[in-house]
Amino acid sequence: MDIIHNTYIGTKQKALAINLDPKIYGSFAEIGAGQDVAANFFKAGASSGTIAKTMSAYDMTFSDAIYGAQQVKRYVSEQRLMSMLEHEYGLIIERLAQLRGDTSTFFAFSATFSALNYHKTNEGHGWMGVRFQLEPNGVYHDVVIHVKLLDNDNNLQQQAVGILGVNLMYACFYYNEVPPVFLLSLMDNLSRDRIQIDMIRFEGPHFEKVDNRLMSLHLVKYGFSDAALFGPHGQAMQPSEVLYKKHIVVIRGRFRPLINVHVDMLNNGVKQFLQEPDVDKDNVEVITELTLQALKERNADPAADIDEKDFLDRVDILCSLGQTVLISNFHEYYKLVAYLSKITKLKLGVVLGYPNLEYIFSEEHYKDLPGGILESFATLFSRKVKLFIYPTLRDEVILNCLRFYPPPHLIDLYRYLITNNKIEDIRHYKEGNLNVDTDNVLQLIKHGADGWEEYVPPEVAAIIKERKLFGYYHRDDTAKESLDIKSSDLETL
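What you see is a predicted model; the values in this text were computed from it and never measured.

Rules used throughout
- Residues numbered from 1 in each chain as written.
- Predicted model: local features only at pLDDT ≥ 70, side-chain atom pairs only at ≥ 80, totals over all residues.
- Heavy atoms only, no water.
- Salt bridge = Lys/Arg side-chain N within 4 Å of Asp/Glu carboxyl O.
- Helix = DSSP H or I, 4+ residues; strand = E, 2+ residues; numbered from the N terminus.
- Buried < 20%, exposed > 50% of the residue type's maximum accessible area, 1.4 Å probe, protein only.
- Arc of directions from axis to C-beta.
- Contact = heavy atoms within 4.5 Å.
- Core = buried A, V, L, I, M, F, W, Y, C linked by side-chain atoms within 4.5 Å.
- pLDDT = per-residue confidence, 0-100.
- Expected span 1.5 Å × (residues − 1).
- Polar contact = N/O pair within 3.5 Å; in protein donor to acceptor, adjacent residues only side chain to side chain.

1. Some points on the pattern of salt bridges
- Summed over all chains, the structure comprises 27 salt bridges.
- Among the ionic pairs, Asp 151 bridges to Arg 194, the shortest N-O distance being 2.8 Å. On the criterion of sequence distance, the pair formed by Asp 151 in the loop between strand E5 (140-149) and helix H5 (154-174) and Arg 194 in the loop between helix H6 (179-185) and strand E6 (195-203) is long-range, its members being 43 residues apart.
- Judged by its relative accessible area of 12%, Asp 151 falls in the buried class.
- Relative accessible area serves as the criterion here: at 14%, Arg 194 is assigned to the buried category.
- Three or more residues are tied together by salt bridges with common partners; here these are Glu 276, Asp 278, Lys 347, Lys 386, Glu 424 and Arg 427.

2. What about helix H1 (residues 11-19)?
- Listed in full, the buried residues belonging to H1 are Thr 11, Lys 14, Ala 15, Ile 18 and Asn 19. Seen end-on, H1 carries its buried residues on one side only, within an arc spanning 135°.
- Packing partners of the buried residues in H1 comprise strand E1 (24-31), helix H2 (36-44), H5 and H6.

3. Some points on the nonpolar core
- Among the nonpolar cores identified, the biggest contains 100 residues, and Phe 109, Leu 168, Phe 182, Ile 200 and Phe 311 are the most heavily contacted of them.
- In terms of residues, this core owes the most to one element, H5, which gives 11 residues.
- Ile 287, Tyr 339, Ile 343 and Leu 352 belong to the second-largest nonpolar core, a separate cluster that totals 40 residues.

4. Description of the confidence of the model for the protein
- Chain-level statistics for the protein give a pLDDT mean of 91 and a share of 92% at 70 or above.
- Across residues 476-493, where pLDDT falls below 50, the model places 29 contacts with residues more than four positions away in sequence or in other chains.

5. Concerning helix H10 (residues 308-320)
- With 13 residues, H10 ought to run about 18 Å at 1.5 Å a step, and its terminal C-alpha atoms sit 18 Å apart, in line with that.
- With 10 of its 13 residues buried, H10 lies for the most part within the structure.
- The secondary structure elements touched by the buried residues of H10 are helix H7 (212-221), strand E7 (227-230), strand E10 (284-291), strand E11 (324-328) and helix H16 (458-467).
- Its side-chain oxygen 3.1 Å from the backbone nitrogen of Lys 309, Asp 307 forms the N-cap of H10.

Structure, rendered in structure tokens:
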């Protein structure tokens, strides 16, 4: 069914449409920021046709008594939200299924928020979700989101929560057939400088074909968030919940495909990071990062679209190796570090190749900053962060930190960073890897050349062949004999 997203549907219109739908019936439970979502349905009129109950349990003791004490002692958490949905939906079914289960599609809306406090010393954010039926007596489905509130006023944040809640409710019942439209509609009557949505998860049989990894990509692609995170099994994750008070090691790449060089970089970079005296080895999270720009062809137009299948191919590889994947819009490294530093105050490690060190010291990338390269370095290096540099082979010479020569006026700055342990070479690398280039390996795969498998981890080679990823083309032995590209050509491609 084709559904056209009409961005001109007002909040009151949406709430009234739901109130006038005789099938939709359920409860609202909201903690923090006021009962702003339910209030919109009350004000729209005919709310008795929708609302079975509204409630709020602000006091922690009351909240624990109703929803149970949580292992995570943060009351604004996904765990708290899920316990709210479970409890409230269970009550609806228990008390109303016999009376009106044959004619109603029940729902439970829940939210837990921390809005801006009186002294404006916190950052507003929260969790919001709906558990709902799409047909009477049907199974339930869940849609869960995490939201950052950006308004610098408590009343405006409450208003934003109310609008977003109505948008979420409306999308669950009227846009559930088209997830991209569902996602875009969440911003109706809101702007991206008021809220950010950095996690969304669809669950239930109706959403079996919805790939939450793609939804994470869309959050960043549509500008709903600067970054989104998902785990090794493709599950959507909220960055702050996963990375809070953790040491973080991040490696950025195109991973098209992931090759032995990447594995060697990551393994040795993590090993050296763990040897740092101010790092707790038992509290480290390793993430691989894909930027929006890295998901496009090299030298592609910035406005060019992203090949979603190609994105999933890369993610399948990373997840098969147990990687947690971050998708971001941080083209510059200092922006990535600034983002992660808001989540954790512990030491960060960034693993990167020698060419990226050259990129970081290229002043042309900081023309838009009033303070130029110094402003970017103040963000990148003033925090507890260390760069681990993997060497590069160029003109038969191995280039590393000791052979890096920045412009003359930046030499003292570079020496300062080396002396203060902000940049370090990755040691014990496999020198044979330095001959291998990712793009060349990709060409070998696409042309079905012999021997490409030796340049990627065995499990990666198996997945590429099984799923025919990255344009993998298998030829019979006769065809291979006449193939122009051979694995022996790798260094000259």
